[in-house]
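# Coordinates in review
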Amino acid sequence: MTGSDTSPATTTDSGALEVAAIGQGTRRLEGRLKVTGEATYAYEAQVERPLYLHLVQSTIAKGTITRIDSTTARALEGVVDVLDHTNAPRLASTEDAEYAALQGDSVGFRGQVVAVVVAESVEAAREGALLVEVSYDEDEHRADFVADDPELYKPEKVNPAFPTDSNLGRMDRALEKADVVVDQTYRTPFEHNSPMEPHAVTARWDHDAAEGEPVLVMHASTQAVHGVVKTLAPLFGLEAGQVHVVSPFVGGGFGSKGLPHVHDVVAALAAKTTGGRPVRLALTRQQLFALAGYRTATIQRFQLAADASGRLIGINHEVIEQTSAIKEFAEQTAIATRHMYAAPNRHTSHRLAPLDVAVPSWMRAPGEMPGMFAHEVAMDELAVAVGIDPIELRIRNEPETDPESGQPFGHRKLVECLREGAARFGWADRDLAPGSRRDGDWLVGTGVAAATYPYYQQPGNRATVRALEGGRYAVEIGAADIGTGALTVLTQISADALGVRLGDVDVSIADSRLPVATVAGGSAGTASWGSAIVGASRAFREEHGTSPSVGDETTAGPAGNPNMGKYSLHSFGAQFVELRVNIWTGELRVARALGVFSAGRIINPVTARSQLIGGMTMGLSTGLFEESVRDPRFGHIVTQDLASYHVASHADIPEIEAVWLDETDPLANPMGARGIGEIGIVGAAAAVANAAWHASGVRVRDIPVTADKFLDLPPDLPALKGHPAAAFA
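Calculation rules
Each chain carries its own residue numbering, running from 1 in the written order of its sequence. A pLDDT threshold of at least 70 governs which residues receive local features in this predicted model, and a stricter bar of 80 or more applies before side-chain atom pairs are shown or counted, although totals over entire chains, interfaces and linings include all residues. Note: side-chain values were computed over all heavy atoms of the structure, leaving out hydrogens and water. The helix count covers DSSP runs of H or I at least four residues long, the strand count covers runs of E at least two residues long, and both are numbered beginning at the N terminus. The span expected for a helix works out to 1.5 Å for each residue beyond the first. Each residue gets one of three labels from its accessible area relative to the maximum for its type: buried under 20%, exposed over 50%, partly exposed in between, using a 1.4 Å probe on protein chains only. As used in this structure description, the phrase polar contact means that two N or O atoms lie within 3.5 Å; if the pair is within protein, one of them must be able to donate a hydrogen and the other to accept it, and residues adjacent in sequence are counted only when both atoms belong to side chains. UniProt positions are given in the numbering used here, feature names are shortened, and annotations may be inferred rather than shown by experiment. Here, strands pair whenever DSSP counts at least two bridges between them. Note on handedness: a clockwise path from strand one over the helix to strand two, with the strands aimed away from the viewer, defines a right-handed crossover.

Between the first and last C-alpha of helix 13 (residues 525–544) there are 28 Å, a value that for 20 residues agrees with the 28 Å anticipated at 1.5 Å per step. Most of helix 13 sits out of view: 15 of its 20 residues are buried. Trailing helix 13 by a residue or two, Gly-545 shows a phi angle of about 75°, which is positive.

Shown next as structure tokens:
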């Protein structure tokens, strides 16, 4: 860890905690269960006589089902039933087309669920699905994402509720007055979350013994147990209390498990037909690419207008992205641009192309990841055009207040991150000219990019504190631990909030019967849940004192934070990459990566380092490999497994380091912490592209940065002088 908190004192107060457990490198409380295989995931829930499901998916992108013949499938030994739109139970609501499974004959995208086989074994279900025959009346579809799509439109808002466009000053005049203009188009690809644990569910229908009402019980792989309840209850005409969701262990999600998907609905529908027997459904790796969300591709025009010294006088960020014709999702790609650098003239916009494709959704740092790729490569191009160091350029354009809102920043420490990273990375030895360093057959370059992510604290969270025997306490909240170490961190927060030792607190999470908790997403989980625990702990002490009776309990939420809305609160970071480009083949290799972050107090350095390095690795993977390829002729993703959809492995990231400034943010919450789940991925891909330019003189404006883009190197590179490859450049 590095740095110190040099922020000025403030009169505002979020009720800071006296910390003892917070800040300690506590090992994951559930770690032993996971490494010994005792952790029970959604598909492994202990239920009696489960049936197994396998999905039948459409083979057309748009049209109407004219016939489904399941005769052969039903005759297969072990097959119990085949459900389709002609015989599946009816939903109470079909307003959301993504969830309207097996309710009609219309097909909106290739891979849509058109039937489900129910069987006594996984093998029988899968074999039965292959035997279901489906005929279609196919319609002409649109699945090609292009910049000049004739049906581009302006959405009412972008995720979750930001204004679609913003406009301050006169960008046209800024371009006229500028000494230097960068005007380029940047592209990011379709990406799929691809968590290690596939989306899975075990579902059954019970009856409430007292009320006699049906109860849907779901063991779901989800980032939000209460989110599943909120979505599924109205679909089935149920009250929230009639849906019980548990999710004790989750093997990754990266946003794709932040919302329920159609497999949850299908499982619940199928379970209604089995006479009370539970059903299990796990999507195959291939099915994830159609049914579990993905990051939309983007086409981004970026204009930077600057004076001769590199000071920005105008920023224009125009985004084109894709949504599904059956359900809108508008990624907030230009939002970070509104807050990042100072310029009096600013414009951002988002436009959507509605296509006959699967529904996009959240993927780690939605908006910030693709948007900051474009912004930070454009800033690198401006630094080159002006002839100054790219770190110096960013420092020159550091804003005094939030450029969009005019609010003071809470703890904006981007400059500190850049300077600390430069010192650690050896940036001072860097030559400005590209292609200046060579090591044998490898050109060597370094790149930098800034990172930012907003601070969110979601409303509505509650927690229960209960006194146990022996001076111990139980703390309950329906939060989800998706592999981030949330259970451990919340236990640390609980111990400090109650003023007891870490071992004197038992924290229960991941059950919708526990007090309501918002999604594990948006880097908001710890702030939102932790603040609720602190609020409930303080309310408990006020009500029951320091010597409570066994069984005393209090349920409460967080105290109000007067700082929210008064300050612009964000985390910041600086990403550094050293990259090598092979002179003969164009092969790229990351030699080392460093991230320096400002995220408030780090509650657990062990789990935090894991989160930041995980985010950085995912960002480097985005920059080097990740790309989902859609065939517009048929409307489907052809890279449907981890053999064709490439992600970074250990060998691709030989040296990676994540550090953070030693600080506390008293404006954010009682813990003094901001989120860290997403900041690690932001900026990493841009640092890869910028390092590749510095190594080779080749500017890549679309990711992933692949070898084919470096087969024609500039012939005047200093590092090529005297090398045999110069004759071929």
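The subject of this paragraph is helix 14 (residues 605–624). The terminal C-alpha atoms of helix 14 lie 28 Å apart, and with 20 residues this matches the ideal 28 Å at 1.5 Å per residue to within 8%. Within helix 14, 15 of the 20 residues are buried, which leaves it mostly tucked inside the rest of the structure. In this structure Asn-604 caps helix 14, since a side-chain oxygen of it lies 2.9 Å from the backbone nitrogen of Val-606.

Here the focus is the UniProt feature "domain: Aldehyde oxidase/xanthine dehydrogenase a/b hammerhead" (unreviewed entry) in the protein chain. In the numbering used here, UniProt assigns the feature "domain: Aldehyde oxidase/xanthine dehydrogenase a/b hammerhead" (unreviewed entry) to residues 36–140. Within the segment residues 36–140, helix and strand shares are 14% and 33% respectively, and the terminal C-alpha atoms sit 52 Å apart.

The three strands are arranged 4-2-6 in an open sheet whose pairing can be described as antiparallel. Edge positions in the sheet fall to strand 4 (106–107) and strand 6 (133–138), since each of these pairs with one other strand and no more. With two bridges joining them, strand 2 (residues 63–69) and strand 4 adopt antiparallel strand pairing. Residue pairing for strand 4: Thr-64 is matched across the bridge by Ser-106.

This part covers the pairing of strand 21 (residues 473–476). Where burial is concerned, the two faces of strand 21 agree: the one with Tyr-473 and Val-475 and the one with Ala-474 and Glu-476 are both buried. Pairing between strand 20 (residues 463–467) and strand 21: four bridges, direction antiparallel. Residue pairing across strands places Val-465 opposite Val-475, the latter belonging to strand 21. Between strand 20 and strand 21, which pair antiparallel and follow one another directly, the connecting turn spans five residues, one of which, Gly-470, has a positive phi of 70°. Sheet topology places strand 21 next to strand 22 (residues 505–508); four bridges connect them, and they run parallel. Note on strand 22: the bridge partner recorded for Ala-474 is Asp-506. For the crossover that starts at strand 21, traverses helix 12 (residues 486–498) and ends in the parallel strand 22, the hand is right-handed.

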